[in-house]
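# Survey of secondary and tertiary structure
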Amino acid sequence: MKNKLILWLSVILLLVVVAFMAKDLFVTTDRPQENIYEYDLKELRKVDSSKISHKEVKQIKIQANELHGIAIDDKDQIYVSTDENILVLDSEGKQINSLKVRGEARCLTVAENGNILVGLGNRVDIRKPDGSLRNSFVVAGEKAFITSLAIDGDNVYVADAGQKIVHHYNIDGEKINEIGGKNPEAGIKGFVIPSPYFDLMIGRQAELWVVNPGRHAFEAYNSRGEQISSWERTSMSLDGFSGCCNPANIAMLSDGSFVTAEKGLERVKIHLPSGDFKSVVAAPELFEEGTVGIDLAVDSQDRILVLDPVQKMIRIFEAK
Amino acid sequence: MKENKKNRRDFLNTCFRFAAGAGIVGIAGVLAVKSQKGDFLWQLDPTKCTQCGRCATSCVVTPSAVKCIHVYDMCGYCDLCGGYFRPNVKKLSTGAENQLCPTGAIKRSYVEDPFFKYEIIDELCIGCGKCVKGCGAFGNGSLQLQVSHDLCVNCNHCAIARDCPSDAFSRVPIEQAYKFAGFKSNKKI
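Predicted model only: the values in this text are computed from it and were never measured.

Turning our eyes to something else, we now look at the overall build of chain B. The secondary structure content of chain B amounts to four helices and six strands. For chain B, the N- to C-terminal ordering of α and β elements is α-β-α-β-β-β-α-β-α-β. For chain B, the residues scored as buried account for 43% of the 189 residues in total. In chain B, of all internal contacts separated by at least 6 residues, the share reaching a separation of at least 24 is 68%. Surface summary for chain B: the accessible area is close to 10,800 Å², and the carbon and sulfur share equals 57%.

As structure tokens, then:
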């Protein structure tokens with residue numbers, strides 16, 4: 001009887017051991033999630049909802065391999081530059097034209113008369129409203145790399161991230177001036193551009209606003225190339241910009257407020273004309289982590305058009 | 001005709017010789033493959049790395065053989081460096097209270113307005129990747145984790161590779177010992 005009991009106990013013990021071994025071999029347990037060295041950025045991606053001033057009202061999907069730039073004309077027609085063409089959409093997002101371009105159209109802008117200016121590497125193509133080529137010119141310099149264009153009448157401004165300068169041409173491609181070069185006597189510190197994000201636009205009084213991304217600064221110049229205003233906000237919080245090259249892209253609302261898009265911590269914000277933070281248009285959670293090249297445009301109704309190159313669409317935001 | 005017929009003993013002898021020969025060839029083959037493996041090293045792919053922090057705790061070497069390496073060519077030399085400063089710092093100074101690195105392994109020095117140089121002190125770096133995550137989130141991603149082959153003992157089965165949640169570890173040929181992201185050269189800088 002005693003032997004039988006020992007036998008049974010041994011069998012049970014053996015089964016327990018086999019069960020433990022089987023668990024070890026075949027059952028994978030979750031790795032401990034806690035790690036004292038983990039740097040949790042989730043908190044930085046969260047935005048207090050009371051600071052969000054806009055809501056997304058529309059998404060327009062774009063069929064293209066790569067999306068680079070967005071612009072809007074005075075009829076609120078939308079222009080999107082891709083790696084192959086310029087797509088022209090009506091204000092509701094219906095495609096009305098497609099213009100073939102020679103090379104990657106990295107940036108574009110539309111003049112008051114409907115001429116379309118396209119930046120392709122070191123070349124600027126100026127197209128008539130029907131898409132035909134008006135003229136074309138090359139920005140001299142081995143490192144020339146055009147990231148943004150602006151036009152005011154006959155004045156064409158070209159942001160050259162490679163040479164860290166703004167070129168001032170006339171519409172026929174004749175060079176007039178260089179703007180923003182380091183000039184300590186004039187108080188101009190020079191552009192700091194660690195990566196190819198260098199945007200500019202025309203302000204409400206025809207002044208040229210240029211982002212100095214390495215300094216997290218906005219600088220305004222007159223057509224003679226003199227600096228007339230500037231502001232700077234360096235911060236990891238919502239009230240400023242951080243890292244290399246932010247803001248990456250800009251636009252302007254009708255009241256003179258700046259709309260800004262950042263890379264790294266992807267977000268679209270509004271800063272008052274003074275530079276002070278006003279509100280958030282799109283929080284980082286709306287974008288895929290790692291999205292870069294979020295371009296902006298503002299239409300006549302102050303709707304903010306955000307080009308999301310990763311999700312390949314235009315996202316339209318209206319004030320709440 | 002009958003003389004050509006092999007007896008059982010000859011047959012077994014032939015089989016034994018054949019088996020021995022095959023064994024020797026097999027062993028030679030295995031040794032050859034193993035000797036080839038010696039030309040491979042463990043390395044971390046920065047494009048897959050999520051900076052989970054486990055490189056600091058899982059390596060058999062203490063402190064970890066994984067170190068942060070600064071790809072200077074990519075760096076923005078920012079004043080407000082996301083890899084150096086804690087989020088929401090009030091002052092952009094070198095004070096320990098402002099630093100993100102838990103061991104103070106990053107040395108910051110002024111170059112010229114508005115540039116600052118950031119250097120990694122190898123002896124202090126534990127490979128936790130906090131700075132790498134901060135740099136990637138706010139900057140160009142010029143701080144990257146890599147297995148330092150001066151320190152790695154090249155385990156047959158890397159303990160970090162086993163724990164890596166993003167499968168960023170793999171064996172790489174010795175000629176491509178470092179795998180920097182966004183930079184053409186694979187040489188250690």
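Text resumes after the structure shown.
Residue and element names in this part refer to chain A. Taken together, Leu5, Leu9, Ile12, Val16 and Phe20 make up a surface patch of nonpolar side chains, about 510 Å² in accessible area. Within the fold, Leu5 resides in helix H1 (residues 2-26). Classification of Leu5 by relative accessible area gives exposed; the value is 55%.

Residues and elements named next belong to chain B. Membership of the largest hydrophobic core comes to 41 residues, with the highest contact counts inside it found for Leu44, Val66, Cys68, Phe138 and Phe169. Among the secondary structure elements, those contributing two or more residues to this core are strand S1 (40-44), strand S2 (66-70), strand S4 (115-120), helix H3 (130-138), strand S5 (143-147) and helix H4 (159-163). The leading source of residues in this core is H3, at five residues. When near neighbours in sequence (up to four residues on either side) are disregarded, Cys68 contacts Ile120, Asp122, Cys125, Cys131, Val132, Leu143, Gln144 and Leu145.

On to the domain arrangement of chain B, then. For chain B, the assigned domains read domain 1 (1-36) and domain 2 (40-176). Using only C-alpha atoms to locate each centre, domain 1 of chain B and domain 2 of chain B end up separated by 54 Å.

Further remarks concern the pattern of salt bridges. Side chains bearing opposite charge may pair, as long as their charged atoms lie close to each other. Taken as a whole and judged by the stated rule, the model has 16 salt bridges over all chains. Through salt bridges with shared partners, a single ionic network connects A:Glu56, A:Asp308 and A:Arg315.

Glancing now at the packing of aromatic side chains. Counted under the stated rule, the structure contains 13 aromatic pairs over all chains. Where A:Trp231 meets A:Phe241, the ring centres are 6.3 Å apart and the plane angle is 35 degrees; that geometry is what we call tilted. Of the two residues, A:Trp231 sits in strand S17 (residues 227-232) while A:Phe241 sits in the loop between S17 and strand S18 (249-252), which places them 10 residues apart along the sequence. You can call A:Phe241 buried: its relative accessible area is 0%. Connected via pairs of aromatic rings, a cluster forms that spans A:Trp209, A:Phe218, A:Trp231, A:Phe241 and A:Phe258. We note A:Lys269 situated over the ring of A:Phe241; from NZ or CZ to the ring centre the distance is 4.4 Å. Looking at B:Arg108, its charged tip hangs above the ring of B:Phe116, at a distance of 3.7 Å from the centre.

Calculation rules
Residues numbered from 1 in each chain as written. Chains lettered and ligands numbered in written order. Predicted model: local features only at pLDDT ≥ 70, side-chain atom pairs only at ≥ 80, totals over all residues. Heavy atoms only, no water. Helix = DSSP H or I, 4+ residues; strand = E, 2+ residues; numbered from the N terminus. Buried < 20%, exposed > 50% of the residue type's maximum accessible area, 1.4 Å probe, protein only. Contact = heavy atoms within 4.5 Å. Areas by Shrake-Rupley, 256 points an atom, 1.4 Å probe, with all protein chains shown as cover. Patch = residues over 30% accessible without salt bridge, like charges linked within 9 Å, V, L, I, M, F, W, Y side chains within 5 Å. Salt bridge = Lys/Arg side-chain N within 4 Å of Asp/Glu carboxyl O. Core = buried A, V, L, I, M, F, W, Y, C linked by side-chain atoms within 4.5 Å. Domains from an automatic or database assignment. Phe/Tyr/Trp six-rings, centres within 6.5 Å; stacked < 30°, edge-to-face > 60°. Lys NZ or Arg CZ within 6 Å of the ring centre and 35° of its normal.

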